[in-house]
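# Examination of the molecular architecture
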Amino acid sequence: MTKQRIIVLTTGGTIASKPGENGRNVSGALSGESLLERVALPQDSALDVEVRSVLQKPSNGISLDDLVTLSRQCQALAQEPDVIGIVITHGTDTLEETAHFLDITLPLDDCSLVITGSQRAPHEEGTDAFRNLGNAITVAADPRLNGIGATVVFNETIFAARSVRKLDSYRVDGFGAPEVGALGYVDGQRVHLAQAPRRATPLPLGDSLPRIDIIASYLDASPHLIGAAVASGAQALVVEGLGRGHVPPAWLEAIGEATRGGIPVAVVTGCYTGPVNARYEFPGSLASLQAYGAIPVRDLSARKARLTLAVLLSSVGPEDVAAHLQHMMS
């Protein structure tokens, strides 16, 4: 019987934590093999689960170079004919960013890709580490996951990478998709898919990713933040706007100066739900920002818009960013 393989790539995080001498968790200290020993795997004699360590670090330490490496490794694995699924274990702090990055850079037509982690370390009472990993492997083995892109499995729930967000700092139901809801759920060995995401064509990925900065707006925020980011080397900016995509009025000229200098400026909302929209007319409104060259981006958080811009700029010029973003958002 020909074996079908699930490859588990470990990157560290809470799910790979051990207790330290001071009683705090040391992220990334536990090997993937140790985790897998306590996981209930799908009862399928034709399935072979293999663990490989890629990184062993807390997810706040994941770099842009790490993302490129991870994408390349996943692409190579997905092209192996006996690999039917890839599972990545990851720290929860930046899990949604890695999931989105892989979703927009990999085709995944014939291979599933599932990202998971845990809110409680394996040694802690009520840990979700083993359940989440077991559920992720079960989902990755389901052929219905092929072609729908990267997913996140957490707390027996399946989310699309594009819409998933970390909503709680420590509870086991820490992830959700506030705008669109879950794709489905896992119940033991049963995978239920209620809906499938609509995916854009994956973006070409260059050899390295440029620096993109996020500037959060708030009441009477200083416009000097924008100039400082550009002066220190940011090649594009993501403005996390208020409400429908608004900023303090004093920001307009600084944003205009950036766009005139060839720096793409994308505008998203800081709200969990609802898109930006140019339905207001006042200094600092999205309509006024567009007049100064800013690009509205719907349905992406600032962190995901940043990575999208970075991937785009790794292969196209700044003058082409707006057209590509509009195509992706349509």
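Structure's up top.
Residues numbered from 1 in each chain as written. Predicted model: local features only at pLDDT ≥ 70, side-chain atom pairs only at ≥ 80, totals over all residues. Heavy atoms only, no water.

Attention now moves to the overall build of the protein. Counting its secondary structure elements, the protein contains nine helices and 16 strands. The C-alpha radius of gyration of the protein comes to 21 Å, within 12% of the 20 Å expected for a compact globule of 330 residues. Here the C-alpha coordinates of the protein stretch approximately 65 × 45 × 35 Å along the principal axes. By the burial criterion, 52% of the 330 residues in the protein qualify as buried. Carbon together with sulfur atoms contributes 49% to the accessible area of the protein, which is approximately 14400 Å² in total. Each charge class in the protein can be summarised by its mean position, and for the 26 positive and 35 negative side chains these summaries are 3 Å apart. (Helix = DSSP H or I, 4+ residues; strand = E, 2+ residues; numbered from the N terminus. Rg over C-alpha atoms; globule rule 2.2 N^0.38 Å. Buried < 20%, exposed > 50% of the residue type's maximum accessible area, 1.4 Å probe, protein only. Areas by Shrake-Rupley, 256 points an atom, 1.4 Å probe, with all protein chains shown as cover. Lys, Arg positive; Asp, Glu negative; His and termini not counted. Charge placed at Lys NZ, Arg CZ, Asp CG, Glu CD.)

Once that is clear, we can look at unusual backbone geometry. Within the chain, Asn155 stands out as a residue other than glycine whose phi angle is a positive 55°. By the element assignment, Asn155 lies in the loop between strand 7 (150-154) and strand 8 (157-160). Even without being glycine, Asp299 reaches a positive phi, approximately 65°. Turning to its location among the elements, Asp299 is positioned in the loop between strand 16 (295-296) and helix 8 (302-313).

This paragraph deals with the packing of aromatic side chains. As enumerated under the stated definition, the model contains two aromatic pairs in all. Arranged with centres 4.6 Å apart and planes meeting at 45°, the rings of Phe154 and Phe175 form a pair that is tilted. Of this pair, Phe154 sits in strand 7 while Phe175 sits in strand 10 (residues 175-176); the two residues are 21 residues apart in sequence, bridging distant segments of the chain. For the residue pair Phe154 and Phe175, the accessibility class agrees, reading buried in each case. On the numbers, 6.0 Å between centres and 50° between planes, the contact of Tyr280 with Phe282 is tilted. (Phe/Tyr/Trp six-rings, centres within 6.5 Å; stacked < 30°, edge-to-face > 60°.)

Quick look at the packing of helix 8 against helix 9 (residues 321-329) now. Contact geometry of helix 8 with helix 9 gives a least axis separation of 11 Å together with a crossing angle of 125°. What the angle tells us is that helix 8 and helix 9 run oblique. Crossing handedness for the pair helix 8 and helix 9: right-handed. Each of Thr308, Leu309, Leu312 and Leu313 in helix 8 lies in contact with helix 9, whose residues at this interface are Val321, His324, Leu325 and Met328. A breakdown of the residues in the contact of helix 8 with helix 9 according to their chemical character gives six nonpolar, two polar and no charged. (Axes fitted to C-alpha atoms, helices over the stretch in contact; angles between N-to-C directions. Parallel < 35°, antiparallel > 145°, perpendicular 65-115°, else oblique. Left-handed = near helix turned anticlockwise from the far one by under 90°. Contact = heavy atoms within 4.5 Å. Nonpolar A, V, L, I, M, F, W, Y, C, P; charged D, E, K, R; others polar.)

Where helix 2 (residues 64-78) meets helix 3 (residues 95-105), the closest approach of the two axes is 10 Å, and the angle between their N-to-C directions is 50°. Taken together, the axis directions place helix 2 and helix 3 in an arrangement best described as oblique. In the packing of helix 2 onto helix 3, the handedness of the crossing is right-handed. Residue-level inspection shows Leu67, Val68, Leu70 and Ser71 of helix 2 in contact with helix 3, the latter providing Thr98, Phe101, Leu102 and Thr105. Class assignment for the residues of the contact of helix 2 with helix 3 results in five nonpolar, three polar and no charged.

This next bit is on the side chain of Arg165. By the element assignment, Arg165 lies in strand 9 (residues 165-166). Sequence-distant contacts of Arg165, defined by excluding residues within four places in its chain, comprise Glu96, Gly174, Phe175, Gly176, Pro178, Tyr272 and Ser301.

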